[in-house]
Amino acid sequence: MTLPVFLVPALPTGGTAVLDGPEGRHAATVRRLRAGEELVLSDGSGDQARCVVEEAVKDALRLRVVERWTVPEPSVRVVVAQALVKGDRGELAVELATEAGVDGVVPWRASRCVTKWEDGPRGAKALERWRGTAREAAKQARRARVPSVADPVTTSGLASLVSSSTVALVLHESSSQPLGTVPLPTSGDVLLVVGPEGGITDEELSALTAAGAHVVRLGPAVLRASTAAAVALGALGVLTDRWR
């Protein structure tokens, strides 16, 4: 079984460390790690350290660092532009995409989104829930890097991201082009666009294709907005060297 991962602002510079705060409380009182057991500290940006528990104290662990390493970014990064989804299905989309290896998430204010994430406290709270979901899913998946969750964009902002990406793919059930037929890069960013439950409008498709996006489909089935990104990430993992 792989070692549990705990996120810290920065890795210890010396040979010992104390894991405290919320992560220390979880390790000591929920996971009940004890002397002699091992864990991994991660800064969420690729740097990790394997540690041995020296002592468990109230809501904290005293650790000895035994190994350090850095996990590089994949040569092909995948960023998902995820249309806002009603209720907790948006958080489900972020969770599944993180487990499937997404490198970044961009919330998209598509025309047919039921939820709007208006500017202000409510929108900020929703964005923080997506970011917290990505953080927790990355820990659960033992990932060295926590995917970023950007501020939400409009369709014009998304079109700008399409233009700056190496390849952009828009998932749409009307397309006759399978995802696997699009030439994929050996390095750079792949932008994967997932529309809302109500679908992407013709105007939005036109704006994205004019910016250089390919409109593709995954297969004969129509997927939910909350699951499509994870399925596509699995396909991209095989079609590129991300899973090799």
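Residues numbered from 1 in each chain as written. Predicted model: local features only at pLDDT ≥ 70, side-chain atom pairs only at ≥ 80, totals over all residues. Heavy atoms only, no water.

Novice: Got a sec to walk through the UniProt feature "domain: Ribosomal RNA small subunit methyltransferase E PUA-like" (unreviewed entry) in the protein chain? Specific residues and values, please.
Specialist: Feature annotation in UniProt places "domain: Ribosomal RNA small subunit methyltransferase E PUA-like" (unreviewed entry) on residues 19-65, given in this structure's numbering. For residues 19-65, helix accounts for 21% and strand for 49%, while the C-alpha atoms at its two ends are 12 Å apart. (UniProt positions renumbered as here; feature names shortened; annotations may be inferred. Helix = DSSP H or I, 4+ residues; strand = E, 2+ residues; numbered from the N terminus.)

Novice: Could you give an account of the environment of D43, naming the residues involved and the relevant values?
Specialist: Mapped onto the elements of the fold, D43 is located in the loop between β3 (38-42) and β4 (47-57). Spatially, the C-alpha atom of D43 lies 6.3 Å from that of L11, the residues being 32 residues apart in sequence. Ignoring any residue separated from it by four or fewer positions in sequence, one finds D43 in contact with L7, V8, P9, A10 and L11. In terms of polar contacts, D43 uses its side chain to reach the backbone amide nitrogen of S45, at 2.8 Å. At a separation of 3.4 Å, a polar atom in the side chain of D43 contacts the main-chain amide nitrogen of G46. (Contact = heavy atoms within 4.5 Å. Polar contact = N/O pair within 3.5 Å; in protein donor to acceptor, adjacent residues only side chain to side chain.)

Novice: Tell me about the pattern of salt bridges, and please be specific about residues and values.
Specialist: As enumerated under the stated definition, the model contains 15 salt bridges in all. In this structure, the salt-bridge partner of D59 is R25, at a minimum N-O distance of 3.9 Å. Taken together, the positions of D59 in the loop between β4 and β5 (60-70) and R25 in helix α1 (residues 21-30) put the pair 34 residues apart, joining distant regions of the chain. For E55, the salt bridge identified is with R62, shortest N-O distance 3.4 Å. Classification of E55 as partly exposed rests on a relative accessible area of 39%. Judged by its relative accessible area of 40%, R62 falls in the partly exposed class. Linked through salt bridges whose partners overlap, the residues forming this network are E23, E136 and K139. (Salt bridge = Lys/Arg side-chain N within 4 Å of Asp/Glu carboxyl O. Buried < 20%, exposed > 50% of the residue type's maximum accessible area, 1.4 Å probe, protein only.)

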